[in-house]
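# Coordinate analysis (summary)
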Amino acid sequence: GGWPALLKHRSSRNKMIVKPASRGGRFITITVDTPEFEGNFFSMLAIFLFKPLGRKIWSRLPFQRTSVPAFTHTMALPETREIMTKTMRLAKEGEVEAVVDGPYPMTTEGVQKAFHKLKSRHANGKVVIK
């Protein structure tokens, strides 16, 4: 899902669902591609820093701005080791459960339905497009 699915959709020569960056399109995420709860320091840097930073830079290159939206990754938790460690431990133990509305399909109709759900302010959890 997410960014890789968007690029796969683009490479299949389908009409883009999200506007390119040159026309104001944005792809904003607060999660990584796959849930990762364990790893050494360097693997966590790759997942949470290098991959999002690389995508942000790549999506803003002049030759990409006309075909892909600008990529933005943000963290929703305060940047303290204690909170991240506790959150990761709870997720690993199965104590944290994601509440998801969807998933909506990565089609024009699916994306429109997801945005209508967000706009209505009646979403039950995070609205997910897959």
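Look up: the structure comes first, before these words.
Computed from a prediction, not measured in an experiment: that's the story for all the values here.

### Some details on the overall build of the chain
A tally of regular secondary structure across the chain gives four helices and four strands. Contacts in the chain between residues at least 24 apart in sequence constitute 62% of all its contacts with a sequence separation of at least 6. Counting every atom, the chain has about 9500 Å² of accessible surface; 58% of that belongs to carbon and sulfur.

### Focus on the side chain of S59
One can find S59 in helix α2 (residues 41–59). Side chain to side chain, S59 and R60 meet in a polar contact 3.5 Å long. Setting aside anything within four residues of it in sequence, one finds S59 in contact with W3, A21, Q64, R65, V68, P69, A70 and F71.

### Description of the pairing of strand β4 (residues 126–129)
Pairing of strand β3 (residues 100–104) with β4 involves three bridges; the strand directions are parallel. The residue bridging D101 from the neighbouring strand is V127, located in β4. Tracing the backbone out of β3, into helix α4 (residues 108–120) and back to the parallel element β4 gives a crossover that is right-handed.

### Let's talk about the pattern of salt bridges
Enumeration over the complete set of coordinates arrives at three salt bridges. For the salt bridge of R89 with E93, the shortest nitrogen-to-oxygen distance reads 3.3 Å. The exposure class of E93 is partly exposed, given its relative accessible area of 47%.

### Some words on α2
Taking 1.5 Å as the rise per residue, α2 with 19 residues should run 27 Å; its terminal C-alpha atoms sit 26 Å apart, in good agreement. Where α2 bends most, at I47, the angle is about 35°. Residues of α2 that are buried include every one of I47, P52, R55 and S59, and no others.

What counts and what doesn't
- Residues numbered from 1 in each chain as written.
- Predicted model: local features only at pLDDT ≥ 70, side-chain atom pairs only at ≥ 80, totals over all residues.
- Heavy atoms only, no water.
- Helix = DSSP H or I, 4+ residues; strand = E, 2+ residues; numbered from the N terminus.
- Contact = heavy atoms within 4.5 Å.
- Areas by Shrake-Rupley, 256 points an atom, 1.4 Å probe, with all protein chains shown as cover.
- Polar contact = N/O pair within 3.5 Å; in protein donor to acceptor, adjacent residues only side chain to side chain.
- Pairing = 2+ DSSP bridges.
- Right-handed = clockwise from strand over helix to strand, strands pointing away.
- Salt bridge = Lys/Arg side-chain N within 4 Å of Asp/Glu carboxyl O.
- Buried < 20%, exposed > 50% of the residue type's maximum accessible area, 1.4 Å probe, protein only.
- Expected span 1.5 Å × (residues − 1).
- Bend = angle between axes of the 7 residues up to and from the residue.

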